[in-house]
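What the coordinates show
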Amino acid sequence: MTRADPLMNRYALLFAAAVLSLPGCDSQVSNRLEWDFDGIVHGFASVPNSEVDVRRLVDNALVSRRSVMFIDVDWAITEIYHRRYAEFLVAYHTQHPNDSLMFHFVDCSSVSQDYGPLREIPGWQQLMVDAGTAMIHGNGEIAWIENGRVLHVQSIRAFNTASELVEFTETLMPTSRGH
């Protein structure tokens, strides 16, 4: 596996930095935080989306010990779920401020013909076989990745709230695994 790409680290950390630099951010009093969700969602639009960029973002997610990746495509109406993903990111880090879970937003529009960078993730093909279908349906899928292997892929629309996403993530990838 390759080392994390510094440029892609910048984009992966863009969201954490945006969240942590918001006015009123005080990690000691997380229940009083006011988040600029529109700013976070707006930041998703600046994520590079060439095939090379997608591959770098996916590689960066793979070298993270634990990561969650939102998969966006321009041919579907996934934009309605961008805010829920931003809420999920904030809710998770509010509840687990010292956790190393990385959040990635990957615009796969440029690779939507065969999703090569996604299909190459260890475990992805097996999930397709088990499901009997492709994993990307344009519903704003989320992939949970641990130690370079995809554990689960599911549409964000299956979760009604950010709290449900946090709970699912805690169950799938408990923070007690030494993180």
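Residues numbered from 1 in each chain as written. Predicted model: local features only at pLDDT ≥ 70, side-chain atom pairs only at ≥ 80, totals over all residues. Heavy atoms only, no water.

Quick look at the sheet that holds strand 4 (residues 149-155) now. As summarised here, the arrangement of the four strands in space is 2-1-3-4, forming an open sheet in which the pairing is mixed. The strands lining the two open edges of the sheet, one partner per strand, are strand 2 (102-107) and strand 4. The average undirected angle you get between the axes of adjacent strands in this sheet is 20 degrees. One ladder, built from six bridges, connects strand 3 (residues 141-146) with strand 4; its direction is antiparallel. (Pairing = 2+ DSSP bridges. Helix = DSSP H or I, 4+ residues; strand = E, 2+ residues; numbered from the N terminus. Axes fitted to C-alpha atoms, helices over the stretch in contact; angles between N-to-C directions.)

Let us look at the pairing of strand 1 (residues 66-72). Across the seven residues of strand 1, seven count as buried, placing the element largely inside the fold. Burial of strand 1 is two-sided: the residues R66, V68, F70 and D72 facing one way and the residues S67, M69 and I71 facing the other way are all buried. Two elements, strand 1 and strand 3, share six bridges in a ladder whose sense is antiparallel. Residue pairing across strands places R66 opposite E146, the latter belonging to strand 3. The pairing of strand 1 with strand 2 spans six bridges and is classified as parallel. Looking at strand 2, one finds that I71 is bridged to V106. Handedness of the crossover joining strand 1 and strand 2 through helix 4 (residues 82-95): right-handed. (Buried < 20%, exposed > 50% of the residue type's maximum accessible area, 1.4 Å probe, protein only. Right-handed = clockwise from strand over helix to strand, strands pointing away.)

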